[in-house]
Amino acid sequence: MQNPLLTPSTRPYQWPAFDQLTAEHYLEAVQLGAAEQLEELQRVIDDVQAPTFENTFLALESSGQALRRALMTYFSVISAHGTDELRAVQSEISSIWSKQEDAIYLNQSLYSRLQALDLSGLEGEDARLADQTLKNFQLAGAGLADTEKEKLKELNAKLAELSTQFANLVLENQNAHAVHFEDAQELAGLSSQAIESAAQAANQAGHASGYLLTLVSPSQQPVLESLDSSESRRKVFNASLSRGTENNPTIHVAAEMAQLRAERAALLGFANHAETVLAQATAPSTVAVAERLAELTKAATANARKEAAVLSMVAGAEINAWDWKYFSNQVLRDKYSVDSEALRDYFELDRVLIDGVFATATKLFGITFTERFDLPTYHDDVRVFEVFDADGTPLAIYTGDFLTRDTKKGGAWMTSLRDASSFLDERPIVTNTLNITPPAPGNPVLLSLDEANTLFHEFGHALHGMFSNGKYASLSGTSVPRDFVEFPSQVNEMWMLHEDVVSGYAVHHHSGETLDASLIEKIRAASLWGQGFATTEYLAASVLDWEWHTISAGTVIDDPLQFEQDALKRAGFDTAMIPPRYRTGYFQHIFANGYSAGYYSYIWSEVLDADTVQWFEENGGLMRENGNRFREELLSRGNTRDPLESYELFRGRTAWVEPLLRRRGLVNAE
């Protein structure tokens, strides 16, 4: 049978042939696609005609379509459903990809031909494509001497290998550290449905009896809010944190990656890896990022200390780190009448998705959704929707893969199977992947407040991809600076509890009762509670990322665990009480997912987000004219122009930081 990835799919939107694809297909398509692209680019180099925009930049942009199809499909699937067969070829595929990038961006003949073109006559997206392409070559090392290029290739190959190793080890550790309980009484406080799910998980994992609580990516586990037993909370908490200790090899893999990245940065002429990242970011300098993190850390930790004092009063004694979420949830119940566990009954997945997320997008942008059952998927849990624009024309495909499983990495994310590109005549296929615990058979999928918020967040990324309206795939959708990419997704969170949205989907799955308006107000009022903790654990992870990636070349880190502890202590964090959201040993964002020296971007983007939320509030909220303006000036633009220019054209000015400080409860913090 012919490899389905070697030619464009004839299915709608070039939907992949998931019903036919095997690990061998992916590997073959990557191998042959890489060779085909190099042949295409050799023809560009050998072209005897004078360089033009068409025969250089556009030729490069259009090259390697078989490779692009294979890689986009493979990397989307391996994260969500990394079977043993797919993982077996991951290292080889990653190696081919790394070598391919080197073969392109370190090719002096190709770089010279691109440089030879006079770009002064280019305008708009053409000028942007040329500028970004040349910058990519420069940052990849195109200007290095031959011996330096060979060294760079070695570093890139090793880093690709280690990144794959890190991702696989983290998944193995996450599954291996699931916590087994023999007695249901140890799970008191969890809902009957959650206990049923834990029994099902234990059975599936091969336990003869008992209950298994599986872990999610962050340090803090959702069940810590509800488990009544402090001892049970301690077991889960310690199991989660132990993924980042000396007993797991991931922390040593991470340290080696950080040192290799520093060496690569020096080769490229930068002081550290963070500088190489900021060369394509909106943040002006490493100093500016460090100062912003330090400024926010001082205020956030002060708020966290105040929260700890309140929790100790509630508990009647000094609390332990594993007790924080439990007593914090108790404050929500007692002070604000908000019970996180009880709220799940009002957040049934289908209602949140269809009557919440989709309905909001319809009101704001006029788009509509039709579920499709004719397109094969890589797993039965995946749902497929065709998206239509306000005038009824087909816009995109949206897929949702919402339930956790042992083949899926932790966390939540958006990816693209296809980009929007008029140049390639391609329409977008975007995916949202979450990790919601599946219910026992016959029960509905119920979301926590945080999970519902995550669904709105990830759909904001999906909108960014679906609305992209440019010529070139490399400038499309979320292909923006890392510290801007979270902005649209964070804005979309504002609608989750908006009065015109929440009443339409927050319905008790059994009684049909709508979530009471007074309780919704209490949830909003409670939003400032816990911000000290939430901001502190996030900032601790951001500082940890920054410390790993501002080391200079030649720095030797023999004890990575001590490096982690020292870095966080210097920054003023009490990690014995509030550990970072991710410790080094399971920090996939920065060691496996492309966020190295970029985890700060969430809070950096949130400045724009909070300012934009204020704009919506000032201009009437959930209205089509507001949505159309946001779409036209920001969501549709991708990287076709400077994203900060897009923001200023949308807002009429640069962003103010005050809305963020108010949202995070950091105003007048001591």
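Owing to the predicted nature of the structure, the values given are computational and were not obtained by experimental measurement.

A.B. asks: Whenever I open this one, the overall build of the protein chain confuses me. Can you help?
C.D. replies: Helix and strand counts for the protein chain stand at 28 helices and 7 strands. Over its C-alpha atoms the protein chain spans a radius of gyration of 25 Å, differing by no more than 12% from the 26 Å that the globule rule assigns to 670 residues. Counting only C-alpha atoms, the protein chain reaches 80 × 60 × 55 Å along its principal axes. Long-range pairs, those at least 24 residues apart, make up 75% of the contacts in the protein chain between residues at least 6 apart in sequence.

A.B. asks: Help me understand the pairing of strand S6 (residues 413-418) in this model?
C.D. replies: Strand residues, when the strand is regular, have side chains that alternate between the two faces of the sheet. Where burial is concerned, most of S6 is hidden: 5 out of the 6 residues are buried. Inspection of the sheet shows S6 paired to strand S7 (residues 429-436) by 5 bridges, in the antiparallel sense. Looking at S7, one finds that Trp413 is bridged to Thr433.

A.B. asks: Help me understand unusual backbone geometry in this model?
C.D. replies: If a residue is not glycine, its phi is most likely negative; likewise, a peptide bond is most likely trans. Its identity as a non-glycine residue notwithstanding, Gln14 has a phi of 60°, on the positive side. You can see Gln14 is positioned in the segment before helix H1 (23-46). A relative accessible area of 19% means that Gln14 is categorised as buried. Residues other than glycine seldom take positive phi values, yet Asp425 does so here, at roughly 55°. Turning to its location among the elements, Asp425 is positioned in the loop between S6 and S7.

A.B. asks: What's the story with the sheet that holds strand S3 (residues 368-372) in this structure? I'm lost.
C.D. replies: Strand pairing in a sheet relies on backbone hydrogen bonds. The paired strands run either parallel or antiparallel. The strand order across the open sheet formed by 5 strands is S3-S4-S5-S7-S6, and the pairing between neighbours is mixed. Strands at the two margins of the open sheet, each flanked by one partner only, are S3 and S6. Between one strand axis and the next, the sheet turns by 25° as a mean value, whatever way the strands run. The sheet strands contacting helix H3 (residues 65-80) are strand S5 (394-403), S6 and S7, and the helix crosses S6 at an angle near 150°.

A.B. asks: Even after reading the chapter, I still don't get the packing of aromatic side chains, so can you show me in this structure?
C.D. replies: One pair of aromatic rings is described through two measures. These are the centre distance and the angle between the planes. Applying the stated criterion across every chain, the model contains 42 aromatic pairs. For the ring pair Phe365 and Phe467, a centre distance of 4.9 Å and an interplane angle of 65° mean the geometry is edge-to-face. Placement of Phe365 in helix H16 (residues 349-365) and of Phe467 in the loop between helix H17 (449-466) and helix H18 (482-485) is noted, with a sequence separation of 102 residues between them. With a relative accessible area of 2%, Phe365 lands in the buried category. On the basis of an interplanar angle of 85° and a centroid distance of 5.7 Å, the ring pair of Tyr600 and Trp604 is categorised as edge-to-face. Grouping residues by exposure puts Tyr600 and Trp604 together as buried. Site record: aromatic cluster; members linked through ring pairs are Phe484, Phe487, Trp495, Trp615, Phe616, Phe630, Tyr647 and Phe650. Lying across the ring of Trp413, Lys409 places its NZ or CZ 4.7 Å from the centre.

A.B. asks: Quick question: what am I supposed to make of helix H7 (residues 124-140) here?
C.D. replies: Under the 1.5 Å per step criterion, the end-to-end length of H7 is 24 Å for 17 residues, consistent within 8% with the ideal 24 Å. For H7, the set of buried residues is Asp126, Arg128, Leu129, Ala130, Gln132, Thr133, Leu134, Phe137 and Leu139. With its phi angle positive at about 105°, Gly141 sits one or two positions after the end of H7.

A.B. asks: What's the story with the environment of Ala17 in this structure? I'm lost.
C.D. replies: Of note, Ala17 is situated in the segment before H1. Counting along the chain gives 360 residues from Ala17 to Thr377, while the straight-line C-alpha distance between them is 8.1 Å.

A.B. asks: I would appreciate a short explanation of the pattern of salt bridges in the present structure.
C.D. replies: Pairing is possible between side chains that carry opposite charge, provided their charged atoms lie close to one another. Enumeration over the complete set of coordinates arrives at 36 salt bridges. For Arg570, the salt bridge goes to Glu547, with nearest N and O atoms at 3.0 Å. Linking Arg570 in helix H23 (residues 560-570) with Glu547 in helix H22 (residues 531-548), this pair joins segments that are 23 residues apart in sequence. Note on Arg570: relative accessible area 59%, which makes it exposed. Exposure remark for Glu547: the relative accessible area of 24% places this residue in the partly exposed category. In the salt-bridge network here, residues are joined through shared partners; they are Asp381, Asp401, Arg405 and Lys408.

A.B. asks: I'm lost on the environment of Ile78 in this one. Help?
C.D. replies: Secondary-structure assignment places Ile78 in helix H3. Apart from the residues within four sequence positions on either side, Ile78 is in contact with Leu86, Arg87, Gln90 and Thr407.

A.B. asks: In this structure, what is going on with a negative patch on the surface? I would like to understand it.
C.D. replies: A cluster of acidic residues, Glu246, Asp558, Asp559 and Asp566, forms a negative patch at the surface. Among the secondary structure elements, Asp558 is positioned in the loop between H22 and H23. For Asp558, a relative accessible area of 71% translates into the label exposed.

A.B. asks: Can you help me understand the nonpolar core in this one?
C.D. replies: Where a protein is soluble and globular, its nonpolar side chains tend to be buried together. In this structure, Tyr398, Leu455 and Phe459 are the most contacted members of the largest nonpolar core, which totals 150 residues. Those residues in contact with Tyr398, other than ones at most four positions away along the chain, are Leu353, Phe358, Arg383, Val384, Phe385, Val387, Val430, Asn432, Leu455, Phe459, Ala462 and Met466. The next biggest cluster of nonpolar side chains, apart from the first, holds 30 residues, and it includes Trp15, Val89, Leu375 and Ile397.

A.B. asks: I tried to follow the packing of H1 against H3 on my own but got confused; where do I start?
C.D. replies: Relative placement of two packed helices is described by the angle separating their axes and the distance separating the axes. Between H1 and H3, the shortest axis-to-axis distance is 7 Å and the interhelical angle comes to 145°. Here H1 runs over H3; the crossing is left-handed. Residues Tyr26, Ala29, Val30, Gly33, Ala34, Glu36 and Gln37 of H1 lie in contact with H3, whose contacting residues are Ala66, Leu67, Ala70, Leu71, Thr73, Tyr74 and Val77. When the residues that make up the contact of H1 with H3 are grouped by side-chain class, the tally is 10 nonpolar, 3 polar and 1 charged.

A.B. asks: Explain the packing of H1 against helix H6 (residues 108-115) to me, please; I cannot follow it from the model alone.
C.D. replies: Running from amino to carboxyl end, H1 crosses H6 at an angle of 55°, the nearest separation of the two axes being 9 Å. Compared by their axis directions, H1 and H6 come out oblique. Our pair here, H1 against H6, has a crossing hand that is left-handed. The residues of H6 that touch H1, namely those facing Leu41, Val44 and Ile45, are Ser109, Leu110 and Arg113. Within the contact of H1 with H6, the residues separate by chemical class into 4 nonpolar, 1 polar and 1 charged.

A.B. asks: How should the environment of Asp419 be read in this particular structure?
C.D. replies: Within the secondary structure, Asp419 is located in the loop between S6 and S7. The buried category is assigned to Asp419, whose relative accessible area is 13%. Sequence-distant contacts of Asp419, that is, excluding residues within four places in its chain, are made with Arg68, Met72, Glu426, Arg427, Pro428, Ala473 and Ser476. Side chain to side chain, Asp419 and Arg68 meet in a polar contact 3.3 Å long.

A.B. asks: Can you help me understand the side chain of Arg631 in this one?
C.D. replies: Mapped onto the fold, Arg631 is located in helix H26 (residues 624-635). Taking the relative accessible area as the measure of exposure, Arg631 reaches 17% and is therefore buried.

A.B. asks: Help me out: how do you make sense of the side chain of Glu486 in this one?
C.D. replies: Relative to the helices and strands, Glu486 is located in the loop between H18 and helix H19 (487-492). One buried charged residue, Glu486, forms no salt bridge at all, with the nearest opposite charge on Arg482 at 5.4 Å. With near-sequence residues (within four places) excluded, Glu486 lies in contact with His457, His461, Tyr595, Ser601, Tyr602 and Ser605.

Criteria and cut-off values
Within any chain, residue numbers begin from 1 and follow the written order of that chain's sequence. Restriction of local features to residues with pLDDT of at least 70 applies here, the model being predicted, together with a cutoff of 80 or more for giving and counting side-chain atom pairs; totals for whole chains, interfaces and linings are based on all residues. Where side-chain values are given, they derive from all heavy atoms of the structure, hydrogens and water being excluded. By the criteria applied, helices consist of DSSP H or I runs no shorter than four residues and strands consist of E runs no shorter than two, each listed in order from the N terminus. Values of the radius of gyration come from C-alpha atoms, whereas the globule rule sets the reference at 2.2 Å times the count of residues to the power 0.38. Should any heavy atoms of two residues lie within 4.5 Å, those residues are considered in contact. Buried means the residue's accessible area, taken with a 1.4 Å probe over protein chains only, is under 20% of the maximum for its type, while exposed means over 50%, and partly exposed covers the values in between. Pairing between strands requires that DSSP locate at least two bridges from one strand to the other. Each axis is a line fitted through C-alpha atoms, and for a helix only the stretch in contact is used; angles between axes span 0 to 180 degrees, taken between their N-to-C directions. Only the six-membered ring of Trp is used, alongside the rings of Phe and Tyr, when aromatic pairs are assigned; centres must lie within 6.5 Å, and planes under 30 degrees apart are stacked while those over 60 apart are edge-to-face, with the rest tilted. By definition here, charges over rings are those cases where NZ of Lys or CZ of Arg is within 6 Å of the ring centre and within 35 degrees of the ring normal. To estimate how far a helix should extend, the number of its residues minus one is multiplied by 1.5 Å. What makes a salt bridge here is a side-chain nitrogen of Lys or Arg within 4 Å of a carboxyl oxygen of Asp or Glu, nothing more. Surface patches are drawn from residues lacking salt bridges whose relative accessible area is over 30%; two like charges belong together within 9 Å, two nonpolar side chains (Val, Leu, Ile, Met, Phe, Trp, Tyr) within 5 Å. Note that accessible areas follow from Shrake-Rupley with a 1.4 Å probe, and for residues the cover is restricted to the protein chains shown. In this tally Asp and Glu are treated as negative and Lys and Arg as positive; neither His nor the chain ends contributes. Lys charges are placed at NZ, Arg charges at CZ, Asp charges at CG and Glu charges at CD. To form a nonpolar core, buried Ala, Val, Leu, Ile, Met, Phe, Trp, Tyr and Cys residues must be joined to one another through side-chain atoms within 4.5 Å. For any helix crossing, the convention is left-handed if the near helix is rotated counterclockwise from the far helix by under a right angle, and right-handed if that rotation is clockwise. Polarity classes work like this: nonpolar for Ala, Val, Leu, Ile, Met, Phe, Trp, Tyr, Cys and Pro, charged for Asp, Glu, Lys and Arg, and polar for all others, with Gly in that last group. An angle below 35 degrees is read as roughly parallel, one above 145 as roughly antiparallel, one from 65 to 115 as roughly perpendicular, and any other as oblique. Polar contacts, as counted here, are pairs of nitrogen or oxygen atoms within 3.5 Å of one another; within protein the pair requires one atom able to donate a hydrogen and one able to accept it, and residues that are adjacent in sequence qualify only if both atoms are side-chain atoms.

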